[in-house]
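Letter by letter, the chains look like this.
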Amino acid sequence: MNALYLAFAHLRWNWARSLVLILVGALILAVPMISEILLRGSEDALTRRAESTPQVIGARGSQLDLVMDALYFSEDRATPITMAASESVWDSGLGLPIPLYTAFDTHGARIVGTTLDYFEFRQLAVLQGRLFAVLGEAVIGSALAERLGVGVGDTLVSSPQNLFDLDGVYPLEMSIAGVLAPSGTADDHVLFTDVKTSWVIAGIGHGHEDVISAEEAEQGNVAANAALLQFNRITDANIDSFHFHGSAESYPVSAVIVAPYDTRSATILRGRYLDADNPLQLVLPDDIIADLVDRIFRIATLLDAVTLIIGVAAAAAMGLSLFLSWRLRAEEMATAWRLGAGRGSVFALAGAEILIILCAAICVATLIVLSVRTSSEALLNWLLAL
Amino acid sequence: MERRELIQLQDVSFGYPQGAFRLSIPALAIDSGARVAVVGPSGSGKTTLLNLVAGLAIPETGSVTVGETVVSDLNDAARRRFRADRIGFVFQNFALMDYLTAGENILYPYRIVRSLRLDAGVRKRALQLAEACGIADKLDRHPGALSQGEQQRVAICRALVTRPSLILADEATGNLDPETKVVILDLLFARAAEQGAALLAVTHDHELLQRFDRVIDFADLRQATVS
């Protein structure tokens with residue numbers, strides 16, 4: 001007890017050095033565990049989501065980018081395709097197509113334009129309010145709603161794409177019709193809206209003032225105004241003025257999730273996209289993610305080795321620091337010896353100091369690991385969205 | 001007050017393994033409760049004498065006896081117990097632990113020596129010593145926040161708290177200003193006398209010698225001269 005008392009007093013007096021030693025010790029202990037938690041967590045999250053998504057159609061190119069965009073709404077957007085890809089699957093009668101348009105953001109979160117089938121497909125429940133029903137309505141993921149402090153009845157404005165592009169995308173104010181229940185997936189961090197609403201954001205669909213008023217029409221005086229007012233919010237009063245130009249088949253989507261009706265349909269659909277000249281490709285997320293996880297774990301093995309080397313180096317630095325500290329305390333040890341202390345007391349003092357540092361490091365490491373474990377879901381979703 | 005011989009050195013010779021220095025003391029006796037000064041030039045063996053008496057150095061020949069204990073015959077563990085029980089040390093550089101408060105420094109022997117037991121009686125004695133030395137209101141301060149005189153008072157309290165029969169002071173006033181020297185020495189004398197402890201003090205300060213009962217002069221390097 002006396003050794004612990006003296007050791008604690010010494011560590012408290014040299015608090016800065018003690019803090020550094022405890023933090024370094026905590027990191028040596030925590031980093032491998034954090035790495036394991038995140039790796040296992042990412043493997044689970046990736047695999048679970050991929051296993052529940054049978055097929056994805058997108059532009060030919062990086063299969064991984066396509067899967068990451070369609071499943072995890074990652075920062076790297078997939079090259080857009082047209083709605084014709086979705087119509088084609090629908091017409092074939094082989095599966096249920098769910099278009100996704102992920103081109104736009106709001107408050108740093110992705111706006112996902114889709115259909116109501118997506119919520120049934122992902123088994124997403126509504127916590128408050130309802131799903132979107134009319135143009136301009138949105139459903140918000142639970143984590144995003146919490147982060148932004150918004151709920152049913154509030155509005156969110158899409159981020160402008162280019163402030164100086166007069167012909168570009170203009171912000172659209174969307175009203176939140178519902179908040180989704182937490183699902184522990186990327187769906188918690190995005191804003192869902194009808195794919196048509198996302199086309200309005202893209203400027204493909206729009207609403208504006210009538211060019212002529214009824215009164216003018218009656219009088220036969222038609223004078224179009226160049227300063228035509230474009231609506232940036234869809235309301236009951238102006239919803240009828242919204243319209244789309246061109247054919248719906250040519251409208252952009254980022255990817256199409258396909259849920260084949262049966263195994264045979266799935267095989268037929270795969271065969272249709274095997275042609276290398278086809279600008280579209282159909283990928284199986286499960287295979288792509290399995291390959292990714294395999295690569296991650298191969299890299300993780302290397303990281304483990306690097307972590308081990310760094311850990312040994314840090315532990316050696318800690319040992320050196322403690323050793324030098326004891327060298328500096330040679331006078332104290334000489335005094336203790338003169339006063340009648342034996343080597344056992346001196347070793348007990350050194351041991352107590354190491355024990356306290358180790359215990360404190362274990363406590364800090366446990367706190368770090370617990371906090372990472374508690375927030376691993378959000379952390380993984382953030383990492384996967386990068 | 002009846003005085004008995006507390007320290008006896010008989011035919012002692014000592015030399016460091018790597019060095020030409022040798023100390024020979026044919027005979028030396030110091031009474032219990034005596035205040036003895038040890039003087040002499042640097043390197044003459046003053047500190048070695050203290051080390052021999054404390055069991056920190058073992059004579060090559062002869063014997064060192066303190067009270068009933070033949071220190072030179074004790075093994076290492078017994079010498080440590082002897083020091084803890086019988087000797088109080090006061091050093092020139094105070095040797096206080098900067099990370100402990102003055103109060104904790106006084107009780108330091110009870111923290112570091114396993115055979116000493118810290119209880120309420122010891123704490124009470126420590127407080128009484130601090131009051132007697134005029135530092136009772138500074139017990140929660142660390143040595144860095146104390147003057148040199150106050151630090152040496154703390155060191156004196158630490159030396160006396162185990163109730164030793166012998167106090168060994170090695171240049172205890174060497175780092176103090178002239179006024180404080182006298183105050184600290186008087187304090188040391190008074191507290192030692194209170195406990196009936198003998199005082200063996202190495203000093204270079206000849207002005208203070210008249211205050212001691214006896215002076216051992218190491219001026220002759222080859223042989224200790226006892227006056």
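Everything discussed here concerns the structure shown above.
Residues numbered from 1 in each chain as written. Chains lettered and ligands numbered in written order. Predicted model: local features only at pLDDT ≥ 70, side-chain atom pairs only at ≥ 80, totals over all residues. Heavy atoms only, no water.

Draft legend 1. Inspection of the overall build of chain B at higher detail. The helix and strand tally for chain B stands at 7 helices and 10 strands. The buried share of chain B, taken over its 227 residues, is 57%. Here the contacts in chain B between residues at least 6 apart in sequence split such that 72% fall between residues at least 24 apart. (Helix = DSSP H or I, 4+ residues; strand = E, 2+ residues; numbered from the N terminus. Buried < 20%, exposed > 50% of the residue type's maximum accessible area, 1.4 Å probe, protein only. Contact = heavy atoms within 4.5 Å.)

Draft legend 2. Quick peek at the overall build of chain A. Counting its regular elements, chain A contains 13 helices and 14 strands. By the burial criterion, 44% of the 386 residues in chain A qualify as buried. Within chain A, contacts between residues separated by at least 24 positions form 77% of all contacts whose residues are at least 6 apart in sequence. Total accessible area on chain A is roughly 19900 Å²; 61% of this is exposed by carbon and sulfur atoms. (Areas by Shrake-Rupley, 256 points an atom, 1.4 Å probe, with all protein chains shown as cover.)

Draft legend 3. Expanded view of the side chain of A:Thr102. All names here are of chain A. Along the chain, Thr102 turns up in strand S3 (residues 95-106). Owing to a relative accessible area of 1%, Thr102 belongs among the buried residues under this scheme. In this structure the side chain of Thr102 is engaged in a polar contact, spanning 3.2 Å, whose partner is the side chain of Asp69. Ignoring anything within four residues of it in the chain, the contact list for Thr102 reads Asp69, Phe73, Arg77, Arg110, Ile111, Val112 and Ser254. (Polar contact = N/O pair within 3.5 Å; in protein donor to acceptor, adjacent residues only side chain to side chain.)

Draft legend 4. Region of interest: the nonpolar core. Within the largest apolar cluster, 93 residues are counted, with the highest numbers of intra-cluster contacts made by B:Leu9, B:Val53, B:Ile106, B:Tyr108, B:Leu166, B:Leu168 and B:Leu200. Dropping the residues within four chain positions of it, B:Tyr108 is found in contact with A:Leu6, A:Glu332, A:Ala336, A:Leu339, B:Met97, B:Tyr99, B:Leu100 and B:Arg158. Judged by nonpolar contacts, the second largest core, of 38 residues, contains A:Leu94, A:Val150, A:Phe242 and A:Leu280. (Core = buried A, V, L, I, M, F, W, Y, C linked by side-chain atoms within 4.5 Å.)

Draft legend 5. Quick look at a nonpolar patch on the surface. All names here are of chain A. A cluster of nonpolar residues, Leu29, Met33, Leu358 and Ile362, forms a patch on the protein surface that exposes about 340 Å² of accessible area. At the level of secondary structure, the elements contributing two or more residues to the nonpolar patch comprise helix H2 (15-51) and helix H12 (343-374). With respect to the helices, strands and loops of the structure, Ile362 is situated in helix H12. (Patch = residues over 30% accessible without salt bridge, like charges linked within 9 Å, V, L, I, M, F, W, Y side chains within 5 Å. Salt bridge = Lys/Arg side-chain N within 4 Å of Asp/Glu carboxyl O.)

Draft legend 6. Spatial organisation of the pattern of salt bridges. Within this structure, the stated rule accounts for 22 salt bridges over all chains. Two residues, A:Glu137 and A:Arg130, come together in a salt bridge whose shortest N-O distance is 2.6 Å. Two residues, B:Glu150 and B:Lys138, come together in a salt bridge whose shortest N-O distance is 3.4 Å. In this pair, B:Glu150 is assigned in helix H6 (residues 148-160) and B:Lys138 in the loop between helix H5 (120-132) and H6, connecting sequence segments 12 residues apart. Overall, the relative accessible area of 14% leaves B:Lys138 in the buried class. A network of salt bridges, in which partner residues are shared, links A:Arg17, A:Arg329, A:Glu332 and A:Glu353.

Draft legend 7. Spotlight on unusual backbone geometry. A positive phi is found at A:Phe73, a non-glycine position, where the angle reads about 50°. Mapped onto the fold, A:Phe73 is located in the loop between helix H3 (63-72) and strand S2 (81-82). Unusually for a residue other than glycine, B:Arg163 sits at a positive phi of about 55°. A residue is classified by how much of its surface remains accessible, and B:Arg163, at 55% relative accessible area, is exposed.

Draft legend 8. How the structure looks around the interface of chain A and chain B. Taken together, the 22 residues of chain A in the interface contact 22 residues of chain B. For the pair chain A and chain B, the interface holds 0 salt bridges. The interface formed by chain A and chain B contains 11 residue pairs in polar contact (both at pLDDT 80 or more). Counting residues per element, the ones that place at least two in the side of chain A that touches chain B are helix H1 (2-13), helix H11 (330-339) and H12 of chain A. Looking at the side of chain A that touches chain B residue by residue, the class counts come to 10 nonpolar, 7 polar and 5 charged. (Nonpolar A, V, L, I, M, F, W, Y, C, P; charged D, E, K, R; others polar.)

Draft legend 9. Main features of the packing of H1(A) against H2(A). Residues and elements named next belong to chain A. The interhelical angle for the contact between H1 and H2, taken along N-to-C directions, is 100°, at an axis separation of 5 Å. Classified by the interaxial angle, the pair formed by H1 and H2 is roughly perpendicular. On H2, the residues touching His10, Leu11, Arg12 and Trp13 of H1 are Trp15, Arg17 and Ser18. Counted by class, the contact of H1 with H2 contains 3 nonpolar, 2 polar and 2 charged residues. (Axes fitted to C-alpha atoms, helices over the stretch in contact; angles between N-to-C directions. Parallel < 35°, antiparallel > 145°, perpendicular 65-115°, else oblique.)

Draft legend 10. Highlighting the packing of H6(B) against helix H7 (residues 178-195) of chain B. Residues and elements named next belong to chain B. Look at H6 against H7: their axes get within 11 Å of each other, and the N-to-C directions meet at 15°. Taken together, H6 and H7 sit at an angle that is classed as roughly parallel. At the point where H6 passes H7, the crossing takes the right-handed sense. Of H7, the residues touching H6 (which contributes Gly149, Gln152, Arg153, Ile156 and Leu160) are Thr180, Val183, Ile184, Leu187, Leu188, Arg191, Ala192 and Gln195. (Left-handed = near helix turned anticlockwise from the far one by under 90°.)

Draft legend 11. Fine view of the pairing of strand S6 (residues 137-140) of chain A. Residues and elements named next belong to chain A. Side chains Glu137 and Val139 project from S6 onto one buried face, and the interleaved Ala138 and Ile140 project onto a second face that is buried too. Here 4 bridges tie S6 to strand S8 (residues 173-180), and the two strands are oriented parallel to one another. Looking at S8, one finds that Ile140 is bridged to Val179. Bridge count for S6 against strand S9 (residues 191-194) is 3 bridges, and the pairing is antiparallel. Residue pairing for S9: Val139 is matched across the bridge by Phe192. (Pairing = 2+ DSSP bridges.)

Draft legend 12. Region of the structure containing H6(B). Residue and element names in this part refer to chain B. Taking 1.5 Å of rise per residue, the 13 residues of H6 would be expected to cover 18 Å, and the 18 Å separating its terminal C-alpha atoms lies within 8% of that figure. Burial of H6 is extensive: 12 of the 13 residues sit out of reach of the surface. Residues of H6 that are buried: Gly149, Glu150, Gln151, Gln152, Arg153, Val154, Ala155, Ile156, Cys157, Arg158, Ala159 and Leu160. (Expected span 1.5 Å × (residues − 1).)

Draft legend 13. Structural context of the environment of B:Val38. Residue and element names in this part refer to chain B. Its location among the elements puts Val38 in strand S3 (residues 35-39). Here Val38 falls in the buried class, since its relative accessible area comes to 0%. In this structure, the C-alpha to C-alpha distance between Val38 and Asp217, residues 179 residues apart in sequence, is 6.0 Å. Ignoring any residue separated from it by four or fewer positions in sequence, one finds Val38 in contact with Lys46, Leu49, Leu200, Ala201, Val202, Thr203, Ile216 and Phe218.

Draft legend 14. Focus on the sheet that holds strand S4 (residues 61-66) of chain B. Residues and elements named next belong to chain B. Spatially, the 4 strands line up as an open sheet ordered S2-S1-S4-S5, and their pairing is antiparallel. Two strands bound the open sheet, and with one partner strand each, they are strand S2 (22-31) and strand S5 (69-70). When strand S1 (residues 5-15) meets S4, the two strands line up antiparallel, connected through 5 bridges. Bridge assignment links Ser13 to a residue of S4, and that residue is Thr61. In the packing of helix H1 (residues 46-54) onto the sheet, contacts are made with S1, S2 and S4, and the angle to S1 comes to roughly 115°.

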